[in-house]
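Structural characterization, general
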Amino acid sequence: MSEGLASNGPHLPALDGLRGVAAMWVFALHLFDEGSGHASPGYLGVDVFFVLSGFVLSHAYGRRLKDTGDYARFLRARLARIYPLHLLTLLVVGALVLLWPGFAASYGDVEERFGPAAFVAQLLLVQNWAYFLPTSFNTPAWSLSAEWAGYLVFPAFLLIAARGRHPFWLATGCMACLAALLLLWGVEEGGTGSPGMLRMAFGILAGCLVHRAYVAGYRLPPVPASLAILLLLALAHIPDASLIGLLGFPALVLLCARGDGPLARVCGARPVVWLGVISYSIYLWHWIVIQVAVRLPWPDAAEPVQPLVIVAVVIGLSAASYAWVEKPVRARVMRGGQAAAATPAHGAPVEAELSRRLP
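Note that the coordinates shown come from a computational prediction; the quantities given were computed from them, not determined experimentally. Starting from 1, residues in each chain are numbered consecutively following that chain's sequence as written. Only residues with pLDDT of at least 70 are given local features in this predicted model, and only at 80 or more are side-chain atom pairs given and counted; all residues enter the totals for whole chains, interfaces and linings. Only heavy atoms go into the side-chain values, all of them from the structure, while hydrogens and water stay out.

1. Here we look at the overall build of the chain
Only DSSP runs of H or I reaching four residues or more are called helices, and only runs of E reaching two or more are called strands; each is numbered from the N terminus. Check the secondary structure of the chain and you find 17 helices and 0 strands. Think of it in three bands: with a 1.4 Å probe and only protein chains considered, a residue is buried below 20% of the maximum accessible area for its type, exposed above 50%, and partly exposed in between. Here the chain holds 359 residues, and 53% of them are scored as buried. Any two residues whose heavy atoms approach within 4.5 Å are treated as being in contact. Sequence-distant contacts, at least 24 apart, represent 77% of the contacts inside the chain between residues at least 6 apart. When the accessible surface of the chain is summed, it comes to about 15200 Å², and 68% of that surface belongs to carbon and sulfur atoms. Per-residue and other accessible areas were derived by the Shrake-Rupley procedure at a 1.4 Å probe size, with only the shown protein chains allowed to occlude residues.

This is how it looks when you write it as structure tokens:
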């Protein structure tokens, strides 16, 4: 691959599909495991997002961040991507708190979760940085706060990732170090807050390193690598062993970027890619829909189909949200910029490629 891949490379559809799979993995965690008393590795979907962030941002911006003007346009583009839908979902949860008697009271930490300070922290995307409850208001938005911190220091990630030999194995080592640190911290299921910032930092750095390997032409044997990833994900379902799944994510991203192997073919299938297109909306809406659904009175006969109804509502709402909120609002914000939305000489616009990214 040419060096120009970092700024104007081809679209990589299997990465979209991988985003969709990761979003549905997190969705399934919240749909089936909340309050059930057993652990699921579905939280690892967020770590997939972080590795994808490092790869995709390197792919689109790696050779475009040359001065403060480029950096300002980069931040504008990222805010245009993540903030409008975050703001909308935050206001929806705020409306539920104000207008639905008993909704907020059904949580044990009302002031910390839904108070004015938490709302302001969410508005500023700093809820995961320090003092505040990371899972306040719309719980999945904690990772947006971590991502925003990652965007602010993204040039530093690029500088660090440019060093060292064997970038793919350095990326895998990053994820191994993350797993070890989380275990030492006593966090066996990912964690938000400070552990969440650690997950973001190691994940984005690993993604940047995988991109270096991709540009250098590094390849994995598709079938053995796919089998190894599946084995790691299977082992991650063993109680207290879920962090082992982190080790497979650099290989998974590299295989999908190249379109190599059976896992990449699954992620590149048209329905899976479509899920990736709406994955950001799935990620931000699913928790809200679940919280509303479980508080509604369901007839006994309807309870067995409740999960199917929730999935259908989330998918439909996400498709509408992508078409009527994400795309038009982002386009309007980016029209106020200039170079950040410029079309490269070959292939899709950089922002079009990034538009389907899930934090």
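Continuing now.
2. Section: the packing of aromatic side chains
Here the aromatic set is Phe, Tyr and Trp, taking the six-membered ring for Trp, and pairing holds for ring centres within 6.5 Å; pairs whose planes are under 30 degrees apart are stacked, those over 60 apart are edge-to-face, and all others are tilted. Taken as a whole and judged by the stated rule, the model has 16 aromatic pairs. Arranged with centres 5.6 Å apart and planes meeting at 25°, the rings of tryptophan 100 and phenylalanine 103 form a pair that is stacked. With 5.0 Å between their ring centres and 80° between their planes, phenylalanine 168 and tryptophan 169 make a pair best called edge-to-face. The exposure class of phenylalanine 168 is buried, given its relative accessible area of 4%.

3. So, helix α8 (residues 154-161)
Each α-helix winds once per 3.6 residues, and so residues spaced three or four apart point in a common direction. Here α8 has its buried residues at Phe154, Phe157, Leu158 and Ala161. Down the axis of α8, the sector holding all buried residues measures 100°, keeping them to one side. Tucked inside the fold, the buried residues of α8 contact α3 (44-61), α4 (68-99), α7 (142-152) and α10 (193-215). The directions from the helix axis to the C-beta atoms are what the arc is built from.

4. Points about the pattern of salt bridges
Each reported salt bridge corresponds to a side-chain nitrogen of Lys or Arg within 4 Å of a carboxyl oxygen of Asp or Glu. This structure, assessed with the given rule, holds 6 salt bridges. In this structure, aspartate 109 and arginine 113 form a salt bridge, with 3.3 Å as the shortest nitrogen-oxygen distance. In this structure, the salt-bridge partner of arginine 219 is aspartate 260, at a minimum N-O distance of 3.0 Å. Of this pair, arginine 219 sits in the loop between α10 and α11 (222-235) while aspartate 260 sits in the loop between α12 (249-258) and α13 (261-267), and the two are 41 residues apart along the sequence. Accessibility expressed as a relative area gives 13% for aspartate 260, which makes it buried.

5. Focus on the packing of helix α9 (residues 167-185) against α12
Here an axis means a line fitted to C-alpha atoms, over the contact stretch when the element is a helix, while the angle between two N-to-C directions is reported on a 0 to 180 degree scale. With their axes 8 Å apart at the nearest point, α9 and α12 run at an angle of 140° to one another. By the angle between their directions, the pair α9 and α12 is classed as oblique. Where α9 approaches α12, its residues Phe168, Ala171, Thr172 and Met175 are matched on the opposing element by Phe249, Pro250, Ala251 and Leu254. Amino acid classes used here: Ala, Val, Leu, Ile, Met, Phe, Trp, Tyr, Cys and Pro are nonpolar; Asp, Glu, Lys and Arg are charged; the rest, including Gly, are polar. Here the residues of the contact of α9 with α12 are counted per class, giving 7 nonpolar, 1 polar and no charged. In what follows, roughly perpendicular refers to angles from 65 to 115 degrees, roughly parallel to angles under 35, roughly antiparallel to angles over 145, and oblique to any angle outside these ranges.

6. Things to note about unusual backbone geometry
With a phi angle near 60°, leucine 125 is a residue other than glycine that sits in the positive phi range. Among the secondary structure elements, leucine 125 is positioned in the loop between α6 (116-123) and α7. Exposure remark for leucine 125: the relative accessible area of 1% places this residue in the buried category. Its identity is not glycine, yet phenylalanine 137 carries a phi of approximately 50°, on the positive side. Structurally, phenylalanine 137 can be placed in the loop between α6 and α7. A residue is classified by how much of its surface remains accessible, and phenylalanine 137, at 3% relative accessible area, is buried.

7. With respect to the nonpolar core
Buried residues of nine kinds, namely Ala, Val, Leu, Ile, Met, Phe, Trp, Tyr and Cys, make up a nonpolar core once their side-chain atoms join them within 4.5 Å. One finds Leu15 and Phe55 to be the most contacted residues of the largest nonpolar core, which totals 104 residues. Ignoring any residue separated from it by four or fewer positions in sequence, one finds leucine 15 in contact with Leu52, Phe55, Val56, Val253, Cys256 and Ala257.

8. Structural notes on the side chain of serine 318
Counting through the fold element by element, serine 318 comes out in helix α16 (residues 306-335). For serine 318, the contacting residues outside a window of four places in its chain are Ile278, Ser281, Ile282 and Trp285.

9. Some thoughts on the state of the cysteines
Working definition: a disulfide is two cysteine sulfur atoms within 2.5 Å of each other. Per the stated rule, a full pass over the model turns up 0 disulfides. Distance from the sulfur of cysteine 208, which forms no disulfide, to the nearest cysteine sulfur (cysteine 174) is 9.6 Å. Its sulfur unpaired, cysteine 256 is 3.9 Å from the next cysteine sulfur, which belongs to cysteine 267.

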